[in-house]
Amino acid sequence: IENVIKICSEEEENEKKNNEIMEGYKKVLIYEKEKLLLDLIYSQGIDNNYYEKIMQLTKLDIQGKNITILLIETQKRFFDSKNDEFELILKSLIKYDYEYLNLNEYQGIIFLCIPLIMHDKNKLIKLGENIKNKLELNYDLKSFLLFGRNIDRFDDIAKEFKAMEQESDLKYFYENDT
């Protein structure tokens with residue numbers, strides 16, 4: 001009986017170690033993906049293998065699709081403290097492949113990967129309104145949403161993001177926040 005207990009204890013310990021290793025591996029993958037997306041919007045550290053890594057670690061794909069960037073800014077600190085909850089909201093609202101990146105406590109960015117035949121400006125506006133409404137309803141949070149233009153090349157993402165940041169500086173002049 002002692003031998004069986006020892007074997008069970010060792011198996012339990014091994015399973016615990018394997019779970020810790022898997023959790024660490026998942027964290028490394030998340031870090032790698034976030035770093036790739038940050039490099040993509042700031043056009044840094046891009047080498048020959050970069051786009052291959054993007055295709056492997058993210059849902060971003062430009063073959064037969066466009067990428068539309070959605071920049072979300074809030075008036076209060078939100079993204080750092082409610083990041084996981086916000087990702088659940090996005091999963092419930094977005095029907096396309098997408099990647100979400102928490103830029104800082106006031107800004108988040110969503111890369112919408114939309115098939116060319118499904119691209120509909122009105123659906124995007126409705127999606128933006130739904131996100132905005134969820135933020136206001138669930139968190140009493142005012143937000144500003146800005147959609148970028150359709151992008152069909154990874155090389156254009158940094159340029160578009162820079163233009164969007166400049167445009168967001170004018171948000172106080174907009175009547176509607178979407």
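Bear in mind that the values here come from a model prediction, so they are computed numbers and not experimental data.

The rules we used
- Residues numbered from 1 in each chain as written.
- Predicted model: local features only at pLDDT ≥ 70, side-chain atom pairs only at ≥ 80, totals over all residues.
- Heavy atoms only, no water.
- 1 Å grid on protein atoms, 1.4 Å probe; cavity = no way out; pocket = protein on both sides within 12 Å on 5 of 7 lines; lining within 4 Å.
- Points joined across faces, edges and corners; volume = space filled by probe spheres on them.
- Helix = DSSP H or I, 4+ residues; strand = E, 2+ residues; numbered from the N terminus.
- Salt bridge = Lys/Arg side-chain N within 4 Å of Asp/Glu carboxyl O.
- Buried < 20%, exposed > 50% of the residue type's maximum accessible area, 1.4 Å probe, protein only.
- Core = buried A, V, L, I, M, F, W, Y, C linked by side-chain atoms within 4.5 Å.
- Contact = heavy atoms within 4.5 Å.

S.K.: An account of the layout of surface pockets is requested, with residue identities and associated values reported.
M.R.: Looking at the largest pocket, its volume works out to about 400 Å³. Lining of the largest pocket is provided by 14 residues; of these, Ile30, Lys33, Glu87, Glu99 and Tyr100 occupy positions nearest its centre. Mapped by element, the contributors of at least two residues to the lining of the largest pocket are helix H1 (2-42), helix H3 (79-93) and strand S2 (97-102).

S.K.: Describe the pattern of salt bridges, with residues and values.
M.R.: As enumerated under the stated definition, the model contains eight salt bridges in all. With its nearest N and O atoms 3.9 Å apart, the salt bridge here joins Glu23 to Lys26. In this pair, Glu23 and Lys26 are both assigned in helix H1, three residues apart and thus about one turn of the helix distant. Owing to a relative accessible area of 44%, Glu23 belongs among the partly exposed residues under this scheme. For Lys26, a relative accessible area of 45% puts it in the partly exposed group. Ionic pairing is found between Asp97 and Lys65, a salt bridge with its closest N-O pair at 3.6 Å. On the criterion of sequence distance, the pair formed by Asp97 in strand S2 and Lys65 in strand S1 (residues 65-74) is long-range, its members being 32 residues apart. Taking relative accessible area as the criterion, Asp97 reaches 36% and is therefore assigned partly exposed.

S.K.: A description of the nonpolar core should follow, citing residues and the corresponding values.
M.R.: Counting residues in each nonpolar core, the largest one holds 22 residues, and the members touching the most others are Leu40, Ile41, Leu60, Ile67, Ile109, Phe111 and Ile157. Secondary structure elements with two or more residues in this core: H1, helix H2 (50-57), S1, strand S3 (107-115), strand S4 (143-147) and helix H5 (157-168). Top contributing element to this core by residue count: H1, with four residues. Leu60 has contacts with Leu37, Leu40, Ile54, Met55, Ile67, Glu99, Phe111, Cys113 and Phe154, leaving out every residue within four places of it along the chain. Counting 21 residues, the second largest nonpolar core, distinct from the first, contains Leu70, Ile72, Ile131 and Leu145.

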